[in-house]
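Spelled out from the first residue to the last, the chains are:
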Amino acid sequence: MSFKPANNIQDLQYFGEFGGVNPSISDSSTYTFLSAKTMFDTFEGNADGCYLYSRHSSPSNLYLGEALAAMEVTETANVTSSGMGAITSVILQLCSAGDHVISSRTIYGGTYAFLKNFTPKLKIETSFVDITNLETVEASITKDTKIIYCESVSNPLLEIADIKGLSDIAKRHNLKLVVDNTFSPLSISPTVLGADVVIHSLTKFINGSSDTVGGVVCGTQEFINELRNVNDGASMLLGVTMDSLRAASVLKNLRTLHIRMQQHSKNALYLAEKFEADGLKTVYPGLESHPSHDLFRKMMNTEYGFGGLLTIDVGSLELANELMEMMQERNLGYLAVSLGFYKTLFSAPGTSTSSEIPEEEQYEMGLTDGLIRFSIGLDADIERTYKTMKSCMTELGVLMPKKETQLA
Ligand SMILES: *Cc1c(COP(=O)(O)O)cnc(C)c1O
């Protein structure tokens, strides 16, 4: 594909109020008016370019929103205080009591918990399905269904959603396709493939410095206006507002996202190929052994690669924990949840980020005890990283040294 979403960010041009190359930060919660009439019009949403109160909107947040909308090829976007703030407000905006959601069963633990435990209190029910099976998805639609919800690359199993196929189903049944694209910014452009709403946790790759949480909803002007409506907008009324200072700092980090994604992807592909060749059970969309490798290839914006996430299965939780502790001791990364940092981060999802999912369900979806999720860092010398990782694995018996196996 020749489409280059990073250009859409790079080509934006806005100056600070003193001509600074960065837009000035709007460090105010409220705004003055010369005339009372303009204040009224602004409150009603009829005074373009005027600001009233920073929970509604603020210049810094709008700049960041515009840049993210450009990246995701949507008309506009609304930044939020966290990824969960984006996800929960989108679902609550699109669904009322009695409505039904079809969701991938392999999704972020917080999203799963929200749909499984929280929205039923509001009489919104969810069917969790194998999103890679389009027939199952379509068969799960009821007369009350409003949303198909998925992650382009799922957490933590790295399943790939066929966004085009899901979008065809959504359009046939007049549903909204909502895609969480947190794992694959730039690599996959869901709206180009037919998604209606794209969500990111900015906390991860997009901000990339693990110093804040943040989120965004990218969509049509009409939908974003609904989210921000003072009378019944979920973002507005739930108050999931990002702080302006943060919006300004996330915008600055966003500008290097394309370079970071290329390096994350390059390093992850290198390690995945090595691990697989060493006989480790490795899951990475860039490997031909990945069941949706061809699908990812078809959907991707090639230059950003297959992303920075990979998993290996070392057989048991004990071994996974020992390996992670040893890798941290040897400065290969941090035993931490989250992703998209310059350092490699690793965790065992079954006992951390996906612990909201009951054990039987984890088992059913293939989330095993020995699974380690890696968010591969920006290491300048990935060959050295690999060699050190390999020596940890050999010492712990995760990998058998080739010669000794032959002797034995
Ligand atoms: C982290 C994450 C979220 C939640 O984002 P927060 O910023 O932590 O609220 C949602 N979806 C995915 C795929 C994530 O990785």
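None of these values were measured; they are calculated from a predicted model. (Residues numbered from 1 in each chain as written. Predicted model: local features only at pLDDT ≥ 70, side-chain atom pairs only at ≥ 80, totals over all residues. Heavy atoms only, no water.)

**Structural notes on the domain arrangement of the chain**
Defined as follows: Each domain's limits were defined by an automated method or a database of domain assignments. Only heavy atoms matter for contacts: two residues are in contact if any of them lie within 4.5 Å across the pair. Two parts lose some accessible area (1.4 Å probe) when they are put together, and adding that loss for both gives the buried area. Salt bridge, as applied in this entry: a Lys or Arg side-chain nitrogen positioned within 4 Å of an Asp or Glu carboxyl oxygen. Contacts described as polar in this section are N or O atom pairs within 3.5 Å, which, within protein, must combine one atom able to donate a hydrogen with one able to accept it, while residues neighboring in sequence count only if both atoms come from side chains.
Annotation of the chain at the domain level lists domain 1 (5-254) and domain 2 (258-396). For domain 1 and domain 2, the distance between their C-alpha centres works out to 27 Å. Between domain 1 and domain 2, the residue contacts involve 36 residues of the former and 39 residues of the latter. For the domain 1 and domain 2 pair, buried surface summed over both sides reaches about 3100 Å², with 64% attributable to carbon and sulfur atoms. Taken together, the links from domain 1 to domain 2 amount to one salt bridge. Measuring nitrogen to oxygen at the nearest pair gives 3.6 Å for the salt bridge that ties Glu 361 to Lys 116. At the junction of domain 1 and domain 2, the tally comes to 11 residue pairs in polar contact (both at pLDDT 80 or more).

**With respect to the packing of helix α11 (residues 257-277) against helix α15 (residues 382-396)**
Under the convention used in this document: Only the contacting stretch of a helix is used when fitting its axis, a line to C-alpha atoms as for every element, and angles between N-to-C directions run 0 to 180 degrees. Only DSSP runs of H or I covering at least 4 residues are called helices, and only runs of E covering at least 2 are called strands; the numbering of each starts at the N terminus. By convention, the crossing between two helices is left-handed when the near helix turns anticlockwise from the far helix through less than a right angle, and right-handed when the turn is clockwise. Charged residues are taken to be Asp, Glu, Lys and Arg, nonpolar residues to be Ala, Val, Leu, Ile, Met, Phe, Trp, Tyr, Cys and Pro, and polar residues to be all remaining types, Gly included.
Packing of α11 against α15 leaves a shortest axis separation of 10 Å and a crossing angle of 35°. Considering how the two elements wind past one another, α11 and α15 form a crossing that is right-handed. Contacts between α11 and α15 involve Asn 267, Tyr 270, Leu 271, Lys 274 and Phe 275 on the former and, on the latter, Ile 382, Glu 383, Tyr 386, Met 389 and Met 393. The residue makeup of the contact of α11 with α15, split by class, is seven nonpolar, one polar and two charged.

**Describing a negative patch on the surface**
Let me state the cut-off plainly: Each patch groups residues whose relative accessible area exceeds 30% and which form no salt bridge, using 9 Å between like charges and 5 Å between nonpolar side chains of Val, Leu, Ile, Met, Phe, Trp and Tyr. Per-residue and other accessible areas follow the Shrake-Rupley method at a 1.4 Å probe size, with only the shown protein chains counted as cover for residues. By the counting scheme adopted, Arg and Lys are positive, Glu and Asp are negative, and His together with the chain ends is not counted. Throughout, a charge is located at the NZ atom of Lys, the CZ atom of Arg, the CG atom of Asp or the CD atom of Glu.
Judged by side-chain charge, Glu 318, Glu 322, Glu 325, Glu 329, Glu 359, Glu 360, Glu 364 and Asp 369 come together as a negatively charged surface patch. The element that contributes the greatest number of residues to the negative patch is helix α13 (residues 317-329), accounting for four residues.

**Considerations on the sheet that holds strand β3 (residues 125-129)**
Put simply, the rule is: We call two strands paired when DSSP finds no fewer than two bridges between them.
If you trace the seven strands from one edge of the open sheet to the other, you get β1-β7-β6-β5-β4-β2-β3, paired in mixed fashion. Of all strands in the sheet, those with a lone pairing partner are β1 (76-80) and β3, marking the two edges. Averaged over neighbouring strand pairs, the angle between their axes works out to 20° when direction is ignored. Across the sheet, helix α5 (residues 109-118) lies against β2 (100-104), β3 and β4 (145-151), angled at about 130° from β3, the strand it touches most. With respect to the sheet, helix α7 (residues 163-172) is in contact with β4 and β5 (176-180), its orientation differing from that of β5 by roughly 155°.

**A few points about the UniProt feature "modified residue: N6-(pyridoxal phosphate)lysine" (unreviewed entry) in the chain**
Keep this limit in mind: UniProt positions are given in the numbering used here, feature names are shortened, and annotations may be inferred rather than shown by experiment.
The residues that UniProt annotates with the feature "modified residue: N6-(pyridoxal phosphate)lysine" (unreviewed entry) are Lys 204. Mapped onto the secondary structure, Lys 204 falls in the loop between β6 (197-201) and β7 (215-219). Aside from chain neighbours lying at most four places away, what touches Lys 204 is Tyr 108, Thr 182, Ser 338, Leu 339 and Gly 340.

**Some details on helix α4 (residues 83-94)**
Under the convention used in this document: Expected helix span is taken as 1.5 Å per residue step, with the number of steps being one fewer than the number of residues. Only protein chains enter the accessibility calculation, which uses a 1.4 Å probe. A residue is then buried if its area is under 20% of the maximum for its type, exposed if over 50%, and partly exposed in between.
With 12 residues, α4 should reach 16 Å at 1.5 Å per residue; the first-to-last C-alpha distance of 17 Å fits that figure. Among the 12 residues that make up α4, 10 are buried, leaving the element largely enclosed by the rest of the structure. Of all the positions in α4, only Gly 83, Gly 85, Ala 86, Ile 87, Thr 88, Ser 89, Val 90, Ile 91, Gln 93 and Leu 94 are classed as buried. For α4, the N-terminal cap is Ser 82; the gap from its side-chain oxygen to the backbone nitrogen of Met 84 is 3.4 Å.

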